[in-house]
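One-letter residues, chain by chain:
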Amino acid sequence: MAVSEEKANPRNEIGKTKDAELVKRLLIENYGYAPDLIYLIRGNHQKVYARKPCQLDVGRNDGWLYFGRIESDGIRLTIEGSFLVGPKATKNVIELDDERARRYLAGESIEVDENLYGWFIMKWRSYYLGSAKAKDGRLLNYVPKERRLRVE
């Protein structure tokens with residue numbers, strides 16, 4: 001791929017494009033679906049927060065969920081973000097068997113047969129386990145240490 005044809009770094013669009021437009025575009029490009037939510041991108045780590053529009057005025061600005069993060073090559077979803085996108089995603093969802101799901105939740109990277117590249121939602125049965133980056137025949141694990149399954 002020529003330099004001029006390479007995908008632009010979405011982080012360079014933060015502040016130049018409305019947060020919701022950027023997040024929705026990245027979700028549709030990568031997963032084929034974007035939930036109808038309000039999105040904000042905040043902080044040095046380009047964290048994406050989401051919430052559902054609500055007509056009830058409770059006098060506070062609560063209800064923001066840490067949804068994902070804008071990466072240099074797309075959007076990485078949190079476990080919660082993958083639950084919101086996964087059921088209606090039309091692409092880039094990888095189903096794991098019991099053993100691979102257990103290893104993934106324990107924090108291991110998973111070998112894949114295909115030569116995949118990019119961000120994928122991890123699914124086990126009807127559960128969405130977060131997202132992983134496929135690179136060089138492996139699914140790189142992004143389950144936070146404090147949320148990993150303890151395997152004995």
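The preceding data block contains the structure.
Residues numbered from 1 in each chain as written. Predicted model: local features only at pLDDT ≥ 70, side-chain atom pairs only at ≥ 80, totals over all residues. Heavy atoms only, no water.

Engineer: I'm lost on the overall build of the protein in this one. Help?
Structural biologist: Helix and strand counts for the protein come out as 3 helices and 9 strands. For the protein, the α and β elements follow one another from N to C terminus as α-β-β-β-β-α-β-α-β-β-β-β. Rg of the C-alpha trace for the protein: 16 Å, near the compact-globule value of 15 Å for 152 residues, within the 12% margin. Along the three orthogonal principal directions, the C-alpha set of the protein runs to about 45 × 45 × 30 Å. When each of the 152 residues of the protein is scored for burial, the buried share is 36%. A sequence separation of at least 24 residues applies to 52% of the contacts in the protein between residues at least 6 apart. Averaging the positions of the 27 positive and the 23 negative side-chain charges in the protein gives two centres separated by 4 Å. (Helix = DSSP H or I, 4+ residues; strand = E, 2+ residues; numbered from the N terminus. Rg over C-alpha atoms; globule rule 2.2 N^0.38 Å. Buried < 20%, exposed > 50% of the residue type's maximum accessible area, 1.4 Å probe, protein only. Contact = heavy atoms within 4.5 Å. Lys, Arg positive; Asp, Glu negative; His and termini not counted. Charge placed at Lys NZ, Arg CZ, Asp CG, Glu CD.)

Engineer: Help me out: how do you make sense of the sheet that holds strand β4 (residues 74-77) in this one?
Structural biologist: Note on sheets: strands pair through backbone hydrogen bonds, and any given pair is parallel or antiparallel. Ordered in space as β1-β2-β3-β4, the 4 strands form an open sheet in which the pairing is antiparallel. Each edge of the open sheet is held by one strand with a lone partner, namely β1 (38-42) and β4. Here the average twist between neighbouring strands, direction ignored, is 30 degrees. Summarising the sheet, strand β2 (residues 47-51) and strand β3 (residues 65-71) pair through 4 bridges and their orientation is antiparallel. Along β3, the bridge assignment pairs V48 with G68. Running over the sheet, helix α1 (residues 19-31) touches β1, β2, β3 and β4 and is turned about 100 degrees from β1. (Pairing = 2+ DSSP bridges. Axes fitted to C-alpha atoms, helices over the stretch in contact; angles between N-to-C directions.)

Engineer: Explain the nonpolar core to me, please; I cannot follow it from the model alone.
Structural biologist: Nonpolar side chains in soluble globular proteins generally cluster together in the buried interior. Counting 20 residues, the largest nonpolar core has L27, Y31, F67 and I75 as the members making the most contacts within it. At the level of secondary structure, the elements contributing two or more residues to this core comprise α1, β1, β2, β3, β4 and β7 (118-124). With 5 residues, α1 is the largest single contributor of residues to this core. If you look at the next biggest cluster of nonpolar residues, it comprises 14 residues, including I94, V112, L129 and A134. (Core = buried A, V, L, I, M, F, W, Y, C linked by side-chain atoms within 4.5 Å.)

Engineer: Mind showing me how you'd approach the sheet that holds strand β9 (residues 138-140) here?
Structural biologist: Judged by pairing direction, the sheet is mixed, and its 5 strands sit side by side in the order β5-β7-β8-β9-β6 without closing on themselves. Each edge of the sheet is formed by a strand with only one pairing partner; in this case those strands are β5 (93-95) and β6 (110-111). Here 2 bridges tie β6 to β9, and the two strands are oriented antiparallel to one another. Along β9, the bridge assignment pairs E111 with R138. Helix-sheet contacts for helix α3 (residues 98-105) involve β5, β6, β7 and β8 (127-135), and the interaxial angle to β8 is about 80 degrees.

Engineer: Where do I start with the side chain of N30 in this structure?
Structural biologist: Along the chain, N30 turns up in helix α1. With a relative accessible area of 15%, N30 lands in the buried category. Within the structure, N30 has its side chain in polar contact with the side chain of Y31 (distance 3.2 Å). At 3.0 Å, the side chain of N30 and the backbone oxygen of W119 are in polar contact. (Polar contact = N/O pair within 3.5 Å; in protein donor to acceptor, adjacent residues only side chain to side chain.)

Engineer: Even after reading the chapter, I still don't get unusual backbone geometry, so can you show me in this structure?
Structural biologist: Note: most peptide bonds trans; most residues except glycine with negative phi. If you check the backbone angles, Q46 has positive phi at about 50 degrees while not being a glycine. Accessibility expressed as a relative area gives 17% for Q46, which makes it buried. A positive phi is found at N92, a non-glycine position, where the angle reads about 60 degrees. Relative to the helices and strands, N92 is located in the loop between α2 (79-85) and β5.

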